[in-house]
Amino acid sequence: NAGVTQTPKFRILKIGQSMTLQCAQDMNHNYMYWYRQDPGMGLKLIYYSVGAGITDKGEVPNGYNVSRSTTEDFPLRLELAAPSQTSVYFCASSGGIWIFGQGTRLTVV
Amino acid sequence: DQQVKQNSPSLSVQEGRISILNCDYTNSMFDYFLWYKKYPAEGPTFLISISSIKDKNEDGRFTVFLNKSAKHLSLHIVPSQPGDSAVYFCAASDSGANSKLTFGKGITLSVRP
């Protein structure tokens, strides 16, 4: 099925550990985004990309890094996990309408 | 500084009645508005959108109204169904800003049978 695929769905990290959240889309969209959603809040933009090789910071980029080596993939990297990064992370791509993945629920303890 | 505001955190309506979800924005550069629906443990799914050149867009039971002078939009669902119970997010985009979407905090809609 065409769409945005995120892995893993759930993860528990210890403080200071690192991990990469994977995101892939098969719609040949140039635009891709990473958002986080905290309880009772809207989605806040972490990083985005307008095409392969191009990335830029969103509203809340601190503590994260991204890369965009292909059109399909847009991984999000956490280098030193902190409790403040406990959240649900959504990846999206856009070709006019933003299509979201199912989310990754991350807990940092 | 919240650029997209959904001031009511929740709404409860009777099945068959109309649900009206409101959204306000402050950035006059926004020219494209979308509504997303979100069920627990799922990603947001697109519901309906409207461009700033229109004041109304309708899709089945869902209608979005845009009042540019008031910087206000609303989503009408009629008739409401229990399956409509979800969190609804209003989002806005400035087409000249790399198509970034700015979201409101969401409204939890409960439709009572």
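**A word on the interface of chain B and chain A**
Then step 1. Contacts between chain B and chain A engage 19 residues on the former and 18 residues on the latter.
Then step 2. A combined buried area of about 1,600 Å² lies between chain B and chain A, and 65% of that area is made up of carbon and sulfur atoms.
Then step 3. Linking chain B with chain A are zero salt bridges, by the criterion used here.
Then step 4. Linking chain B to chain A there are two residue pairs in polar contact (both at pLDDT 80 or more).
Then step 5. At the level of elements, strand 4 (32-38), strand 5 (45-51), strand 9 (86-93) and strand 10 (101-103) of chain B are the ones that each hand at least two residues to the side of chain B that touches chain A.
Then step 6. Ranked by residues supplied to the side of chain B that touches chain A, first place goes to strand 4 of chain B with four residues.

**A look at the nonpolar core**
Note that soluble globular proteins tend to have their nonpolar side chains buried in a common cluster.
Then step 1. One finds Leu21, Phe33, Trp35, Leu73, Leu75, Ile77 and Tyr88 of chain B to be the most contacted residues of the largest nonpolar core, which totals 24 residues.
Then step 2. Residue assignment for this core shows that the elements contributing at least two residues are strand 3 (19-25), strand 4, strand 5, strand 7 (62-67), strand 8 (72-77), strand 9 and strand 11 (107-112) of chain B.
Then step 3. Apart from residues lying up to four places away in sequence, leucine 75 of chain B is in contact with Ser19, Ile20, Leu21, Trp35, Leu47, Ile48, Phe62, Thr63 and Tyr88 of chain B.
Then step 4. Membership of the second largest hydrophobic core comes to 19 residues, among which are Val4, Val66, Phe74 and Ala81 of chain A.

**Considerations on the sheet that holds strand 7 (residues 64-66) of chain A**
By way of backbone hydrogen bonds, the strands of a sheet pair with one another, either parallel or antiparallel.
All names here are of chain A.
Then step 1. Spatially, four strands are ordered 1-3-8-7 in an open sheet, and the strand pairing comes out antiparallel. Taken across any chain shown, the strands that pair with only one partner, and hence form the sheet edges, are strand 1 (4-7) and strand 7. Averaged over all pairs of adjacent strands, the angle between strand axes in this sheet comes to 20°, irrespective of strand direction.
Then step 2. Looking at chain direction, strand 3 (residues 19-25) and strand 8 (residues 76-78) are connected through three bridges and run antiparallel. Residue pairing for strand 8: methionine 19 is matched across the bridge by leucine 78.

**What about unusual backbone geometry?**
Then step 1. Of note, the amide linkage connecting threonine 7 of chain A to proline 8 of chain A takes the cis form, showing an omega dihedral of -5°.
Then step 2. You can see proline 8 of chain A is positioned in the loop between strand 1 and strand 2 (10-13).
Then step 3. Omega for the peptide link from valine 78 of chain B to proline 79 of chain B comes to -10°, which places this bond in the cis form.
Then step 4. For proline 79 of chain B, the position within the fold is in the loop between strand 8 and strand 9.
Then step 5. Of note in this structure, asparagine 28 of chain A is not a glycine but carries a positive phi near 60°.

**Notes on a nonpolar patch on the surface**
All names here are of chain B.
Then step 1. The grouping of Ile18, Ile20 and Val78 at the surface amounts to a nonpolar patch, some 230 Å² of accessible area in total.
Then step 2. Assignment of secondary structure puts isoleucine 20 in strand 3.
Then step 3. Accessibility expressed as a relative area gives 39% for isoleucine 20, which makes it partly exposed.

**With respect to the state of the cysteines**
Then step 1. Under the defined criterion, the tally for this structure stands at two disulfides over all chains.
Then step 2. Here cysteine 23 of chain A engages in a disulfide with cysteine 91 of chain A; their sulfurs sit 1.8 Å apart. For the disulfide bridge between cysteine 23 of chain A and cysteine 91 of chain A, the dihedral angle about the S-S bond is near -70°, and by the sign convention the bridge is left-handed. Placement of the pair is cysteine 23 of chain A in strand 3 and cysteine 91 of chain A in strand 9 (residues 87-94), with a sequence separation of 68 residues. This pair shows no difference in class: cysteine 23 of chain A is buried, exactly as cysteine 91 of chain A is.
Then step 3. Each sulfur of the disulfide joining cysteine 23 of chain B and cysteine 90 of chain B lies 2.0 Å from the other. In this structure, the disulfide formed by cysteine 23 of chain B and cysteine 90 of chain B twists by about -75° around the S-S bond and is classed as left-handed.

What counts, and at which threshold
Residues numbered from 1 in each chain as written. Chains lettered and ligands numbered in written order. Predicted model: local features only at pLDDT ≥ 70, side-chain atom pairs only at ≥ 80, totals over all residues. Heavy atoms only, no water. Contact = heavy atoms within 4.5 Å. Buried area = accessible area lost by both parts, 1.4 Å probe. Salt bridge = Lys/Arg side-chain N within 4 Å of Asp/Glu carboxyl O. Polar contact = N/O pair within 3.5 Å; in protein donor to acceptor, adjacent residues only side chain to side chain. Helix = DSSP H or I, 4+ residues; strand = E, 2+ residues; numbered from the N terminus. Core = buried A, V, L, I, M, F, W, Y, C linked by side-chain atoms within 4.5 Å. Buried < 20%, exposed > 50% of the residue type's maximum accessible area, 1.4 Å probe, protein only. Pairing = 2+ DSSP bridges. Axes fitted to C-alpha atoms, helices over the stretch in contact; angles between N-to-C directions. Patch = residues over 30% accessible without salt bridge, like charges linked within 9 Å, V, L, I, M, F, W, Y side chains within 5 Å. Areas by Shrake-Rupley, 256 points an atom, 1.4 Å probe, with all protein chains shown as cover. Disulfide = S-S within 2.5 Å.

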